[in-house]
Protein chains: 4
Amino acid sequence: MSRYILQIHCPDQPGLIAGTTQVLAKAGANIVDLTQHTAKDINTFFLRAVFEIEGDGEEEIKKHLETLAPHLQLSWKIYDTSKKERLALFVSKTDHCLYDLLLKHRDGDLPCEFSCIVGNHTDLAAVGGSFGVPFYYVPSNKDKDIPENRFREIIAETNTDTVILARYMQILSAKFTEEFKYRIINIHHGFLPAFKGAKPYHQAWAKGVKIIGATAHFATEDLDQGPIIAQDVQRVPETASIEELVELGKDIEKRTLSSAVKLWLEHRVFVHEGRTFIL
Amino acid sequence: MSRYILQIHCPDQPGLIAGTTQVLAKAGANIVDLTQHTAKDINTFFLRAVFEIEGDGEEEIKKHLETLAPHLQLSWKIYDTSKKERLALFVSKTDHCLYDLLLKHRDGDLPCEFSCIVGNHTDLAAVGGSFGVPFYYVPSNKDKDIPENRFREIIAETNTDTVILARYMQILSAKFTEEFKYRIINIHHGFLPAFKGAKPYHQAWAKGVKIIGATAHFATEDLDQGPIIAQDVQRVPETASIEELVELGKDIEKRTLSSAVKLWLEHRVFVHEGRTFIL
Amino acid sequence: MSRYILQIHCPDQPGLIAGTTQVLAKAGANIVDLTQHTAKDINTFFLRAVFEIEGDGEEEIKKHLETLAPHLQLSWKIYDTSKKERLALFVSKTDHCLYDLLLKHRDGDLPCEFSCIVGNHTDLAAVGGSFGVPFYYVPSNKDKDIPENRFREIIAETNTDTVILARYMQILSAKFTEEFKYRIINIHHGFLPAFKGAKPYHQAWAKGVKIIGATAHFATEDLDQGPIIAQDVQRVPETASIEELVELGKDIEKRTLSSAVKLWLEHRVFVHEGRTFIL
Amino acid sequence: MSRYILQIHCPDQPGLIAGTTQVLAKAGANIVDLTQHTAKDINTFFLRAVFEIEGDGEEEIKKHLETLAPHLQLSWKIYDTSKKERLALFVSKTDHCLYDLLLKHRDGDLPCEFSCIVGNHTDLAAVGGSFGVPFYYVPSNKDKDIPENRFREIIAETNTDTVILARYMQILSAKFTEEFKYRIINIHHGFLPAFKGAKPYHQAWAKGVKIIGATAHFATEDLDQGPIIAQDVQRVPETASIEELVELGKDIEKRTLSSAVKLWLEHRVFVHEGRTFIL
């Protein structure tokens, strides 16, 4: 028995759940877990199903869905859970997000493999070593093509599926984010859409906000505007200095990024018209 | 087209979702919303489906489920959403939970009718009047049978489905809670299972807890031990006095009770082996 | 014994606390509660002291502070807690914030008097009646001077100290907000600085934010930009519709506004360089 | 200029703040930060003051306070912030709390030194190595005196001030916790006073609680009953399995323990009649 995850989204219409579950049942699949949501405001149907099946039953399901797809305007994908997603971790000098991901993975809480760590500084090279993940030093350059071409090579060489910007402090080009659309997850150290851009904790302090947050989102051309995957917040002591906001923020950042990565690995993230739906 | 909500829970086994959705599809129902959860720790399957159907298609579905029930050990129920649940609100002197429910209902946020307000004091009689809900004064008595017999009459006369203890400060007898099992919802002004019994805010203060909470649960014989429907918490200022804890607590109590009532009215609450599962 | 609250803020320098407490001690005051904060990022000192004193000792303290003020660049104010602040409540058609304030006041949780309710619709006139607060109907007008002149009269006639915009859905002129600077508190139904302007819940839904919030702030010329007094947030179910966001938002709005009003009445709010410090 | 932190608590009476700040002012101290709280429910005064002073001015202050102490029933202590507290970290096999403390310390967010790591297993010996903290292996024993005598030696040898039980899964004897009263901080993986004892996540799951938490507290004879220093909570997905609760709990545990350690190191923690007051 192998385990798969099916994602479907399409315009809503009667019979979608019954139809889908019948396709799975006919092929001999056992549905382990199913979540369905219809976003009434945009009349769109989302479905995530975890199923188990023997032999090559998965192929039969795929054929059925291919047949149905044009008729129902289905967007669908099936993930084989035995094939672990390979993540590249991009970092600069700050290590709290990096450690949180590495330690959670070692504890068995993140079902993935880390293909590599890529740093534009060498500060965190040793961390890679102690966790057995190869470290690549790719210095930044005014000409973004130079590091980004190297990224393309590394991503190909290491069979990387998704890039996690774990406090990587460089801006990627529109060309690059477009090329790896919805395959790059960033942690923004602010509660988006507030506090876009640099120094969000300074902005938050100057505004006197009473609650700070972090946002994990897909990197897109529009900086800090990509679809939001996860957010978390924390009330701040009124007397906190900017430095203390930064420090508090680290905890929020690391748990928000880890949480987004986990949702991603469990194939719970749908992107539709510029926003996510998490099932 | 009428809209119904189906609740099923049973021991887990392959094919439950496909089987259920086929029963609905065959009868011509359109599934609007479906949530399913398998609690792996106890190998139990839960399903909630909202569906629309024409004419008496509902009857056909009921027949099918009756046939399947013994075989699959199904517990199931179908609710007709056009028949609004009738709630009795039991109160004493405190009105924050009462007002919150009445105002949310008037705003269209709670799909129910209020059959009556029952008070063991007359303080809140006028509130009933201003919202057009009949008020019954049933004074407390050492012999619990006296008020509880009156409750039985009122519940029957007013066609009450569920009793909401909206800060009703009397203990109901085991006989009564057993008779109306899972039909009485209480708000406990503490984070259960901590701070059972009287004066939870005094207890919380004496312990120096940093966070207080409230718990909405079904009333059962074991006071403050019934299955939990909703909980909420709030961080307390370190310098809060007991009086300030009580005041802070009121906000948590009212939003927790309203939230539980809403989950109940949407038929999202399953009770299984002493705990709830909310779908 | 009368009770007073002293607020001081000024550029930081050694000896401020000792100096201040000595002024109070010499006049025979007993300090009941003192909070002090130095915002190191802007080198500014804030102090709030609650003290009790007999006879006209308060006058002696005021004289001392007047003498010190130019030397130390002191901004200071003393509030007599026996004189209750008088609040005008401005409303439109929505009543959740209005009721929350009226009920909390009746429960003794807000130390103020309500001077009047002002509505640009008559929908909530009866609410005023049932709580014994006079209602003034001031319809909106393209020429903002017309209602705002009426506001000036009402504020004067009713001895109003502070205006609370309890979901008052009209924009006040820059002239008016400037005239009543830091005397008008607004509840914005969004987590500022994100989601400024109209329909914040639509904006939040379209962005797919995972957490929504509300912000109580002083009304200023720059709409939705005034100094923030209180904020609160709540995680939203992924499947929430816009309508459900609006409904969830009401709870956050009312508790955030009530909380801001309470901080204000306790004279805990300092405004300095466009942001508040709450002590 | 050296920086000190003064803690005072005593029965409340008029003039305490003015008196205290005068003692500091006369000795030439500059008060940098002062927080004061009077717990009215028990009529007790708490004060924390950060001050700077030149030369041996600190000695003069101590003499004054010694003179005042019997008269005012003062409990007081002065901490020299240039002398860093030395913490011993006790662990078993689980490393999330250990790493969080070590990494926060390396980032400069915890003003202390780690005197040693003590493990009843050798699993985490290498972690000590990579952070330059000596690791002591002290296996458990039915006769608690055997490891605890070794603890006494290690604490003495390494000049340990405070012991942090960073998920140390053994119960210390009453003799030991009494000997090091308020010098041992434990992280309990549950929201105390609920879910005392073993397997709190199993208990929480069985109760169907909607929110889980962690509690950092002083270790005392009564297991899981010591004064609470910090608590945090997190809403749990309704569908979470026990295993997922455990995983979610790790994040809460580590941030709650780190937060308690920080409060402790900043000398913000007062213990009075079985509960803490955090200033």
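Before reading on, note that the structure itself is shown above.
*Asks:* Describe in detail the overall build of chain A, supporting the description with residues and values.
*Replies:* For chain A, the helix and strand inventory stands at eight helices and 13 strands. The globule rule puts the C-alpha radius of gyration for 279 residues at 19 Å, and the 20 Å found for chain A is close to it. Projected onto its principal axes, the C-alpha coordinates of chain A cover approximately 60 × 40 × 35 Å. With 279 residues in all, chain A has 61% of them scored as buried. Intrachain contacts of chain A at a sequence separation of at least 6 include 65% that bridge at least 24 residues. When the accessible area of chain A is evaluated, it comes to approximately 11,100 Å², of which 49% is carbon and sulfur surface. For chain A, the distance from the average position of its 32 positive side-chain charges to the average position of its 38 negative side-chain charges is 3 Å.

*Asks:* An account of the interface of chain A and chain C is requested, with residue identities and associated values reported.
*Replies:* Listed per partner, the contact involves 32 residues of chain A and 32 residues of chain C. Both sides together, the interface formed by chain A and chain C hides about 3,000 Å², and carbon and sulfur atoms give 61% of it. There are four salt bridges connecting chain A and chain C. Glu-238 of chain A is the partner of Arg-275 of chain C in a salt bridge, and the nearest nitrogen-oxygen pair spans 3.5 Å. On the surface where chain A and chain C come into contact, there are 17 residue pairs in polar contact (both at pLDDT 80 or more). Looking at the side of chain A that touches chain C, the elements with two or more residues in it are strand 2 (30-39), helix 7 (200-207), strand 11 (228-235) and strand 13 (275-278) of chain A. The dominant element in the side of chain A that touches chain C, judged by the number of residues it contributes, is strand 11 of chain A, at seven residues. Partitioning the side of chain A that touches chain C into residue classes produces 18 nonpolar, seven polar and seven charged.

*Asks:* Account for the interface of chain D and chain B, with residues named and values stated.
*Replies:* Taken together, the 32 residues of chain D in the interface contact 32 residues of chain B. Both sides of the chain D and chain B interface together cover about 3,000 Å² of buried area, and 61% of this is carbon and sulfur. Counting across the interface, chain D meets chain B through four salt bridges. Taken together, the links from chain D to chain B amount to 16 residue pairs in polar contact (both at pLDDT 80 or more). Of all the secondary structure elements, the ones that give two or more residues to the side of chain D that touches chain B are strand 2 (30-39), helix 7 (200-207), strand 11 (228-235) and strand 13 (275-278) of chain D. No other element matches the seven residues that strand 11 of chain D contributes to the side of chain D that touches chain B.

*Asks:* Quick rundown of helix 2 (residues 57-72) of chain C? Include the residues and the values.
*Replies:* Along an α-helix, residues three or four positions apart point the same way, because every turn accommodates 3.6 residues. All names here are of chain C. An ideal rise of 1.5 Å per residue puts 22 Å on 16 residues; helix 2 measures up with 22 Å between its terminal C-alpha atoms. For helix 2, the full list of buried residues reads Gly-57, Glu-58, Ile-61, Leu-65, Ala-69 and Leu-72. Those residues of helix 2 hidden inside the fold are in contact with strand 1 (2-11), helix 1 (16-26), strand 3 (44-53) and strand 4 (75-80). Positive backbone phi, approximately 55 degrees, marks Gln-73, located one or two places after helix 2.

*Asks:* Provide a residue-level description of the packing of helix 3 (residues 96-106) of chain C against helix 8 (residues 242-265) of chain C, including the pertinent values.
*Replies:* All names here are of chain C. Between helix 3 and helix 8, whose axes approach to 9 Å, the crossing angle comes to 45 degrees. Relative to helix 8, helix 3 is oriented oblique. In this structure, helix 3 crosses over helix 8, and the sense of that crossing is right-handed. Contacts between helix 3 and helix 8 pair His-96, Cys-97, Asp-100, Leu-101 and Lys-104 from the former with Lys-250, Glu-253, Lys-254, Arg-255, Leu-257, Ser-258 and Val-261 from the latter. Split into classes, the residues belonging to the contact of helix 3 with helix 8 amount to four nonpolar, two polar and six charged.

Reading the values: rules and limits
- Residues numbered from 1 in each chain as written.
- Chains lettered and ligands numbered in written order.
- Predicted model: local features only at pLDDT ≥ 70, side-chain atom pairs only at ≥ 80, totals over all residues.
- Heavy atoms only, no water.
- Helix = DSSP H or I, 4+ residues; strand = E, 2+ residues; numbered from the N terminus.
- Rg over C-alpha atoms; globule rule 2.2 N^0.38 Å.
- Buried < 20%, exposed > 50% of the residue type's maximum accessible area, 1.4 Å probe, protein only.
- Contact = heavy atoms within 4.5 Å.
- Areas by Shrake-Rupley, 256 points an atom, 1.4 Å probe, with all protein chains shown as cover.
- Lys, Arg positive; Asp, Glu negative; His and termini not counted.
- Charge placed at Lys NZ, Arg CZ, Asp CG, Glu CD.
- Buried area = accessible area lost by both parts, 1.4 Å probe.
- Salt bridge = Lys/Arg side-chain N within 4 Å of Asp/Glu carboxyl O.
- Polar contact = N/O pair within 3.5 Å; in protein donor to acceptor, adjacent residues only side chain to side chain.
- Nonpolar A, V, L, I, M, F, W, Y, C, P; charged D, E, K, R; others polar.
- Expected span 1.5 Å × (residues − 1).
- Axes fitted to C-alpha atoms, helices over the stretch in contact; angles between N-to-C directions.
- Parallel < 35°, antiparallel > 145°, perpendicular 65-115°, else oblique.
- Left-handed = near helix turned anticlockwise from the far one by under 90°.

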